[in-house]
Amino acid sequence: MLLNFNCTLVIILMLKYTILMLRMNKDLRKWIPLDDHIDFHKFVGRFITVLAIFHTISHMANFGRRTEHSWSTFMFTTYPDIGWIGGFTPLSGIILCIILAIIIICSMKWIRHGGHFQVFYWTHLLYLVFYIVLIVHARVFWKWIIVPFTLFVLEKIYSNLTRYSSDNGLTYILSVTIEPSNVICLYIHRPKNFRFKAGDYISINLPRIALYEYHPFTISSAPEEMSYLSVHIQASGNWTKRVYQRFKNMSDTQNVENDLIIHRADLNIDQATAEERQEREIIYCEEGDDDNERIIADSRVHAEVVIIKGPYSSCARCVFDYKHVVLIGGGIGITPYASILQSLMAQFRASHIVCKHCQGHNYNRRNILENRFLKKVDFIWVNRDHKNFEWFLNILHEFEREQETYLSLNVDERRFLDIHLHFTGIKYDENSGDSPSDLITKFWSQITGHDVFTALKSKTHIGRPNWNELFQSFKSGENASMANDVGVFFCGPPSMGIDILKYCMNYQFRYFEEKF
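Because the structure is predicted, anything quoted here is derived from the model rather than measured.

Colleague: Account for the sheet that holds strand β8 (residues 324-330), with residues named and values stated.
Modeller: One open sheet accounts for six strands, arranged β13-β12-β11-β8-β14-β15; its pairing is parallel. Across the chains shown, the open sheet's two edge strands, defined by having one partner strand only, are β13 (460-462) and β15 (510-513). Averaged over neighbouring strand pairs, the angle between their axes works out to 20° when direction is ignored. Lying on the sheet, helix α17 (residues 393-409) is in contact with β11 (376-383) and β12 (417-423); it crosses β12 at an angle near 145°. Each of β8, β11, β12 and β14 (486-491) touches helix α19 (residues 467-474); the most contacted strand, β11, lies at about 170° to it.

What follows is the structure, encoded as structure tokens:
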């Protein structure tokens, strides 16, 4: 019974579109730990292995004490007629043990992240054989699996139909930006019917890199941006390194052959930023109607093809359930929150109005307040290299300017966004006071009014965040919030997440962590 239940549960936990629909309900996503479905899937898989070992040993022992036939006859023949289909139960049990062992071994972390992802991928597809044999093996298992497996098949059919449709998942790369610190940003043409929420992620396949591999990445652009999707990829694994090297090493001739524009921000950030801005303006002009889009798509016959599965939801969908959110990213883990910031900035800009009589500029405050439950955002980004801040520096600059304009026109309003950047590349001793680097940055900020690393008005702090001090500030001071109103969202190194979770528990803040 435990095997019947858990072999059903393990497949329910991977019904991604069902989880997406559950997450749309505010009450369900609050009480069901949807963010942990992958971790729970792994746990249930291990539990199935333990149950299978006990189950197998018990039957082997039982065959050994029975006298009707020999032990080997019971184990390796259909002659004793055990089971509900032709006495096949013992043999099917052996097949199930072999398949389960292959799946479990090839799902180990050292396989998946050790440059052998395809081994994991192909062996995991044995689940289809596993479930067919399991239905033959266990008399009542079909009653347990019929509803979940039907949902699973429907999801697979829907996924295959959408991913190969040019209106949903079959698309191409518009341009690529080579960022500092081995990061690459892909700007992908957004299919006409592709809809997503800020913080959602997709699985992408680049056939020219690997024909069957799909890898998950958070969408870093805003849902309000209808022309393109962007994903930021750090070259850390086998597949990501191949993607990075492919585009980094492309010559200008190859760019033309592949209908591709490559911006090299790792060499000249200012030039790349200006080129990107110009390109976005061209895209807006070219892709205004469906007929024009079809002409452009037909002309890109040599373009870099991208196949998209998704979108899939993450805990970032809960951001707008709180009055005060704390967005914490470590390195490239900031991408989900870049999408959220861009979405919020788009909402600000949508409420921008111009007086017909005096041509004065202001914001429709009632529209902003009525359409948004969220009142305060603290954006915390921790990086080892200050150059990594350049990945999303344009967004931060634009939001900072937009906020300053809003506050200058509405003097009774409070700051909506506070930016906390932390540069950990320089060692800093909290007990020794200000380091020389800190003194230099403070002096520069006082003279110029801008940060020495980012040119933002918000200061870049040297060293790791003082979580206790930061979390205390959220509950006190000018923008104090009640504990129930604060949601802390984290994406980054697990060790960093453990520390943040500890402080969330101390301050009774709700903690969310992005997991893939």
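So that's the structure; there's more coming.
Colleague: Can you tell me about the side chain of Ser-92, naming the residues and giving the values?
Modeller: Here Ser-92 is to be found in helix α6 (residues 89-106). What Ser-92 contacts, discounting residues up to four positions off in sequence, is Val-133 and His-137.

Colleague: Which residues make up the environment of Val-10, and what are the values?
Modeller: Among the secondary structure elements, Val-10 is positioned in helix α1 (residues 2-12). On the accessibility criterion, Val-10 (11% relative accessible area) is buried. Residues contacting Val-10, with those up to four places away along its chain left out, are His-41, Val-44, Gly-45, Ile-48 and Tyr-131.

Colleague: Provide a residue-level description of the packing of aromatic side chains, including the pertinent values.
Modeller: Throughout the structure, instances matching the rule amount to 32 aromatic pairs. When the centroid spacing of 6.1 Å and the interplanar angle of 20° are considered together, the rings of Tyr-131 and Phe-141 count as stacked. One end of the pair, Tyr-131, is in helix α9 (residues 127-137); the other, Phe-141, is in helix α10 (residues 141-163), and ten residues separate them in sequence. Where Phe-379 meets Trp-381, the ring centres are 6.5 Å apart and the plane angle is 75°; that geometry is what we call edge-to-face. As far as burial versus exposure is concerned, Phe-379 and Trp-381 are alike and both buried.

Colleague: Describe the pattern of salt bridges, and please don't skip the residues or the numbers.
Modeller: A complete count under the given rule lists nine salt bridges for this structure. A salt bridge links Asp-200 to Arg-317, with the nearest nitrogen and oxygen atoms 2.7 Å apart. Taken together, the positions of Asp-200 in the loop between β2 (183-189) and β3 (201-205) and Arg-317 in the loop between β7 (305-312) and β8 put the pair 117 residues apart, joining distant regions of the chain. The residues Asp-200 and Arg-317 share a single accessibility class, namely buried. The residue Asp-378 makes a salt bridge to Lys-376 at a minimum N-O spacing of 3.4 Å. You can call Asp-378 buried: its relative accessible area is 3%. Here the salt bridges share partners, and the residues they tie into one network are Lys-376, Asp-378, Glu-404, Arg-415 and Asp-418.

Criteria and cut-off values
- Residues numbered from 1 in each chain as written.
- Predicted model: local features only at pLDDT ≥ 70, side-chain atom pairs only at ≥ 80, totals over all residues.
- Heavy atoms only, no water.
- Pairing = 2+ DSSP bridges.
- Helix = DSSP H or I, 4+ residues; strand = E, 2+ residues; numbered from the N terminus.
- Axes fitted to C-alpha atoms, helices over the stretch in contact; angles between N-to-C directions.
- Contact = heavy atoms within 4.5 Å.
- Buried < 20%, exposed > 50% of the residue type's maximum accessible area, 1.4 Å probe, protein only.
- Phe/Tyr/Trp six-rings, centres within 6.5 Å; stacked < 30°, edge-to-face > 60°.
- Salt bridge = Lys/Arg side-chain N within 4 Å of Asp/Glu carboxyl O.

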